[in-house]
Amino acid sequence: MDYTLNNQPKSNKTEVIIGEDALEQLGRFSGSYTKTAIISDESAAKYCLGPVQDALGRKVEKIILPDGEANKNLRFAEDILRQLREAGFDRKSLIIGLGGGVINDIVGFAASMYMRGVDWLVLPTTLIAQADASIGGKTGVNLGGYKNMVGSFWPPKAVLINPKFLKTLPLRQIRNGLAEIIKMGFIADAEILDEVQKIEPEKILGVHLNKASELAAKAKIEIVNSDMYESGGRKLLNFGHTIGHALESISLETDEPLLHGEAISIGMAAEAKLAELEDVCKPELVENIKETLTRFGLPTSYKHAVIGDILERILADKKNVGKDINWTLPKAAGEGLYNHLADDINIKEAIKSVII
Ligand SMILES: NC(=O)c1ccc[n+]([C@@H]2O[C@H](COP(=O)([O-])OP(=O)(O)OC[C@H]3O[C@@H](n4cnc5c(N)ncnc54)[C@H](O)[C@@H]3O)[C@@H](O)[C@H]2O)c1
Ligand SMILES: [Zn+2]
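The structure contained in this document is the topic of the report that follows. Since the model is a prediction, treat every value here as computed from it, not as a measurement.

Definitions and cut-offs
Residues numbered from 1 in each chain as written. Chains lettered and ligands numbered in written order. Predicted model: local features only at pLDDT ≥ 70, side-chain atom pairs only at ≥ 80, totals over all residues. Heavy atoms only, no water. Pairing = 2+ DSSP bridges. Helix = DSSP H or I, 4+ residues; strand = E, 2+ residues; numbered from the N terminus. Donors = N, O, S within 2.8 Å, 3.2 Å for Na, K, Ca; no water. Buried < 20%, exposed > 50% of the residue type's maximum accessible area, 1.4 Å probe, protein only. Axes fitted to C-alpha atoms, helices over the stretch in contact; angles between N-to-C directions. Parallel < 35°, antiparallel > 145°, perpendicular 65-115°, else oblique. Left-handed = near helix turned anticlockwise from the far one by under 90°. Contact = heavy atoms within 4.5 Å. Nonpolar A, V, L, I, M, F, W, Y, C, P; charged D, E, K, R; others polar. Patch = residues over 30% accessible without salt bridge, like charges linked within 9 Å, V, L, I, M, F, W, Y side chains within 5 Å. Areas by Shrake-Rupley, 256 points an atom, 1.4 Å probe, with all protein chains shown as cover. Salt bridge = Lys/Arg side-chain N within 4 Å of Asp/Glu carboxyl O. Near = heavy atom within 4 Å. Polar contact = N/O pair within 3.5 Å; in protein donor to acceptor, adjacent residues only side chain to side chain. 1 Å grid on protein atoms, 1.4 Å probe; cavity = no way out; pocket = protein on both sides within 12 Å on 5 of 7 lines; lining within 4 Å. Points joined across faces, edges and corners; volume = space filled by probe spheres on them. Domains from an automatic or database assignment. Arc of directions from axis to C-beta. Core = buried A, V, L, I, M, F, W, Y, C linked by side-chain atoms within 4.5 Å.

Digging into the pairing of strand 2 (residues 13-18)
Alright, step 1. With 5 bridges joining them, strand 1 (residues 2-6) and strand 2 adopt antiparallel strand pairing. The residue of strand 2 that forms the bridge with L5 is T14.
Alright, step 2. Relative to strand 9 (residues 158-161), strand 2 runs parallel, the two being bridged by 4 bridges. The residue bridging E15 from the neighbouring strand is A158, located in strand 9.

Observations regarding the coordination of the zinc ion (ligand 2)
Alright, step 1. Every protein donor of the zinc ion (ligand 2) is accounted for by E180 (OE), H241 (NE2) and H260 (NE2), and the metal-donor separations fall at 1.8 to 2.1 Å.
Alright, step 2. Binding-site remark: the zinc ion (ligand 2) is held by donors from one chain whose sequence spacing is E-x60-H-x18-H. Highlighted residues: H241 in helix 9 (residues 241-251) and H260 in helix 10 (residues 260-277), separated in sequence by 19 residues. The pair formed by H241 and H260 is uniform in burial state, with each residue classed as buried.

Quick notes on the packing of helix 10 against helix 13 (residues 344-352)
Alright, step 1. With their axes 8 Å apart at the nearest point, helix 10 and helix 13 run at an angle of 140 degrees to one another. The pairing of helix 10 with helix 13 is recorded here as oblique in orientation. Taken as a pair, helix 10 and helix 13 cross one another with a handedness that is right-handed. For the pair helix 10 and helix 13, the contacting residues are A270, K273, L274 and L277 in the first and N346, I347, E349 and A350 in the second.
Alright, step 2. For the contact of helix 10 with helix 13, the per-class residue count stands at 5 nonpolar, 1 polar and 2 charged.

Re a nonpolar patch on the surface
Alright, step 1. There is a patch of nonpolar side chains on the surface, built from L74, L143, Y146 and M149 and spanning about 310 Å² of accessible area.
Alright, step 2. When you line up the elements, L74 lands in helix 3 (residues 74-86).

Topic: the site of ligand 1
Alright, step 1. Lining the immediate surroundings of ligand 1 are 29 residues, of which E69, T125, T126, K147 and T168 lie closest.
Alright, step 2. A distance of 2.7 Å is found between a nitrogen atom of ligand 1 and a side-chain nitrogen or oxygen belonging to T125.
Alright, step 3. In this structure, a nitrogen atom belonging to ligand 1 sits 2.9 Å away from a main-chain N or O atom of F165.
Alright, step 4. Contributing elements (two or more residues each) for the shell around ligand 1: helix 2 (42-56), helix 4 (101-113), helix 5 (127-133), strand 8 (146-153) and helix 6 (171-187).
Alright, step 5. Of the residues assigned to the shell around ligand 1, the class counts are 8 nonpolar, 11 polar and 10 charged.

Some remarks on empty space enclosed by the protein
Alright, step 1. Evaluation of the coordinates by the stated rule reveals 1 cavity of 30 Å³ or more.
Alright, step 2. Looking at the largest cavity, its volume works out to about 100 Å³.
Alright, step 3. For the lining of the largest cavity, the secondary structure elements donating two or more residues are strand 8 and helix 9.
Alright, step 4. Broken down by element, the lining of the largest cavity gets its largest block of residues, 4 residues, from helix 9.
Alright, step 5. Here the lining of the largest cavity is built from residues that sort into 4 nonpolar, 3 polar and 4 charged.
Alright, step 6. Mapped onto the domain boundaries, the lining of the largest cavity takes at least three residues apiece from domain 1 (2-168) and domain 2 (176-352).

With respect to helix 13
Alright, step 1. Along helix 13, the residues that are buried comprise N346, I347, A350 and I351. Along the long axis of helix 13, the arc covered by the buried residues comes to 135 degrees, so they all point the same way. Of the exposed residues in helix 13, those oriented more than 90 degrees away from the buried face are D344, I345 and K352.
Alright, step 2. Of the surrounding elements, those touching the buried residues of helix 13 are helix 9, helix 10, helix 12 (307-315) and strand 10 (327-332).

Let's talk about the nonpolar core
Alright, step 1. By size, the foremost hydrophobic cluster in this structure holds 61 residues, and its most contacted members are I181, L209 and W327.
Alright, step 2. Among the elements that take part in this core, helix 10 stands out by supplying 9 residues, more than any other.
Alright, step 3. When residues are assigned to domains, this core turns out to be shared by domain 1 (2-168) and domain 2 (176-352), each giving three or more.
Alright, step 4. Once residues lying within four places of it in the same chain are set aside, the contact partners of I181 are L127, A131, I192, V196, L209, A212, S213 and A216.

Here's the deal with the environment of D279
Alright, step 1. Inspection of the secondary structure puts D279 in the loop between helix 10 and helix 11 (283-295).
Alright, step 2. Accessibility expressed as a relative area gives 70% for D279, which makes it exposed.
Alright, step 3. Residues D279 and K331 lie 52 residues apart in sequence; the distance between their C-alpha atoms is 9.1 Å.

Take a look at the structure:
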């Protein structure tokens, strides 16, 4: 299936190609460049680099980073930039990001910085990257304990999504991606939830997952097409992410870091509770959200954080304007609202409801 993202206000477009033959399109997007680099991480390279090189059919520069969120920082971004410079990359070079959301974000960021911006393509290899992160042109790195604090809007020329890459992904990573798909179902498109219901938790990979992932990508394309720079509807995507990002960054400083999807799963449980306390949704929706997440082994509570620490991180979130926290909350299955200002007592109670 082919889709197009219109990256307003610029007239450039991102083609999003989804299917097991997506790599066949690589040649179409990678010609006419002086040099090409594939940037990946160790695991994505181990499982996915071979077919990509075969599809490209020519020698390219390879830059392989260590795995993990902890490396999504300025140091590794600089490392990429330095290696591009040393290899003589110019403005007409192409960068290909091959990997999960971490690679998507740091490679896109490096592409936006190198010589004030070079073209890039992304080949997402995790579920989170295929259903969500590769769509929408947001790039960035973490700064200190804060997620995605430094970044840019720099859409790739194309996103080539091959669901076959998911076959080597560990179960925990697949569940991680499902969290974002479930999020999209609750705030934007209930059809996604129907498809998620058909997925068997014991055998997640398969047609229903592929369909749910594609529907989530499609929903994101529609949202981004109407609001690239997050002045309105794109804020819907932040459901679960205000509390989720706080928990994710706290957990990164512990011995048991949460994956992004796990953190936003807990964030969704907390923010759904907030929606209930604020009379935005009915208690049954909160139960529905929690049941859908737990059915796939996703967490809805957390034990390594104290409320003060969480609040402090939430207040530093870049989505806030001044002291106001702009909440995105679920109203009903497939429908959310954004820019909601909540009562302080309800916020604390919602956070407490997920801390054990
Ligand atoms: N830019 C956006 O709009 C956006 C949206 C959502 C999430 N994100 C970001 O995405 C990141 C999370 O992405 P993620 O969950 O993909 O994490 P990730 O990129 O760290 O990938 C998870 C792990 O899977 C490995 N891996 C990748 N492909 C594989 C494959 N096919 N087989 C086996 N192993 C493979 C990776 O090496 C890594 O160790 C977070 O930093 C989050 O902030 C960005
Ligand atoms: Zn997310």
